[in-house]
Amino acid sequence: MAAQLATTFTGLRFENPFLLASAPPTESDSNIMRAFDAGWGGVVTKTIGLHPVVNVDGPKTKFLRATPESGHLSMQKRPGTALHSSWNWELISDKPLDWWVPRISRIKQAHPARMLVASIMAGSGSDEELRHWQTLATACQNEGADALELNLSCPHMDRTDMGSNIGKDQGLISIVTQAVAEVARVPIWAKLTPSTTDIVVEAGGAFLGGAAAVTSSNTFPSLPLVDPGTLEFEMNVDGFVSSGGLGGPAILPLSMAKMAQLTQAFPDKSFSGIGGVSEFAHALNYFLLGCGTVQVCTAAMLDHAIGPNIIASLLSGMREAMERHGWTSLDDFRGIRRDRIVTHSRIRRPDAKAYHGGYEAEGYAAADR
Ligand SMILES: Cc1cc2nc3c(=O)[nH]c(=O)nc-3n(C[C@H](O)[C@H](O)[C@H](O)COP(=O)(O)O)c2cc1C
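A. Representation of the site of the ligand within the structure. Near the ligand lie 29 residues; those nearest to it are A21, N88, G247, C297 and T298. Of the residues in the shell around the ligand, the class split is 11 nonpolar, 14 polar and 4 charged.

Here you go:
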């Protein structure tokens, strides 16, 4: 039987399981239309909010590259380097809801079979802020958005009741998700921050509030490097910098670790994996851990803004892998490596009896003396 790339995720039919993540590639209707023409199964819009947004002066994103021979890392463009990561301090969409509303409808009319997920964000400090979530959710779904992704994870917000500051609080996650669930007729995805002690706790809050899926990861809190010549941060405004988000290849193993925790804790729930994907071999990691869809940002930004070559290679890579392994649909391989992640004590030793697990206080305490 021919390999079937189509899949159902949170009750929605995706032509293929690859989405553009919420970010610059999905900041406009023209980009989103181009993305669908290029073959993406879905897109998540750049996060839409109700409060006005003014970004920093100068670039909002840059790319950190490594020189293979020396290991030198720098944002300076130079030949012969390999991409290490993206770094950004971009805020949510600077376009108001009124700008997005007719566009969501137009995109859906042009591409009814492609999945359009509206990413939304408001605060959580008052009933009025919770109503903002409902206003955003209602407006987007009325225009035809197929799902809502709650941005509980933007890492660079000063407001303590927004973004990853909500995503660090299980109770707030539940309250916000529930507020959206009260008005939502479409599935809710909760995009969580990787920057917490135990993401399983926050995911529990999202599912309790009514989320149909959890998305992970948003970018990891990080700083740009200091240029050793000028002693200035490679990204700064008037010499100043603020914590921003790391994406791209560097975060793939980090994000996988978060996803493994999630899919092991909730084997029957739905997960959308993000972080460091630019080819099918990368996406495969998330599917093998149990994800039903995979999202891409950094790699698409570097490929004609919306990733036409990336999606082509994801689709051909998925077909080839399915043929090689004899899989007919994503269900044949989703989650088949989830149970290979075990506690350290379950990893075989040359001599099992020699393993002490670090619990023996005697000897352990004496070692330094
Ligand atoms: C410039 C930039 C802007 C982003 N804006 C948003 C956003 O508005 N909402 C959101 O949920 N995530 C946003 N993200 C995070 C991405 O959706 C994604 O989670 C992250 O970049 C990791 O994926 P990657 O490794 O493929 O880049 C942004 C990322 C970048 C690089």
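What follows continues from the structure just given.
B. The pairing of strand β13 (residues 244-247), seen in detail. When strand β7 (residues 82-88) meets β13, the two strands line up antiparallel, connected through 3 bridges. Opposite N88, over in β13, you have G245 as the bridge partner. Note: strand β12 (residues 220-222) against β13, 3 bridges, orientation antiparallel. Looking at β13, one finds that P221 is bridged to G245.

C. How the structure looks around unusual backbone geometry. The peptide bond linking S216 to S217 adopts the cis configuration, its omega dihedral lying at 20 degrees. Tracing the backbone through its elements, the reader meets S217 in the loop between β11 (213-216) and β12. Despite not being glycine, L231 shows a phi value in the positive range, around 60 degrees. By secondary structure assignment, the location of L231 is in the loop between β12 and β13. The residue A305 is not glycine, and still its phi comes out positive at about 70 degrees. You can see A305 is positioned in the loop between α9 (298-301) and α10 (308-325).

D. Molecular detail of helix α6 (residues 199-209). Among all positions in α6, only I199, E202, A203, G205, A206 and G209 are buried. Projected onto a plane normal to the axis of α6, the buried residues spread over an arc of 150 degrees and lie on a single side. On its buried face, α6 sits against α4 (164-167), α5 (170-183), β10 (188-192), β11 and α7 (252-265). After α6 finishes, the residue G210 shows a positive phi value of roughly 115 degrees.

Conventions and cut-offs
- Residues numbered from 1 in each chain as written.
- Predicted model: local features only at pLDDT ≥ 70, side-chain atom pairs only at ≥ 80, totals over all residues.
- Near = placed C-beta within 6 Å.
- Nonpolar A, V, L, I, M, F, W, Y, C, P; charged D, E, K, R; others polar.
- Pairing = 2+ DSSP bridges.
- Helix = DSSP H or I, 4+ residues; strand = E, 2+ residues; numbered from the N terminus.
- Buried ≥ 20, exposed ≤ 12 C-beta atoms within 10 Å, placed from the backbone.
- Arc of directions from axis to C-beta.
- Contact = placed C-beta atoms within 7 Å.

Any functional reading would require information beyond the geometric quantities listed.
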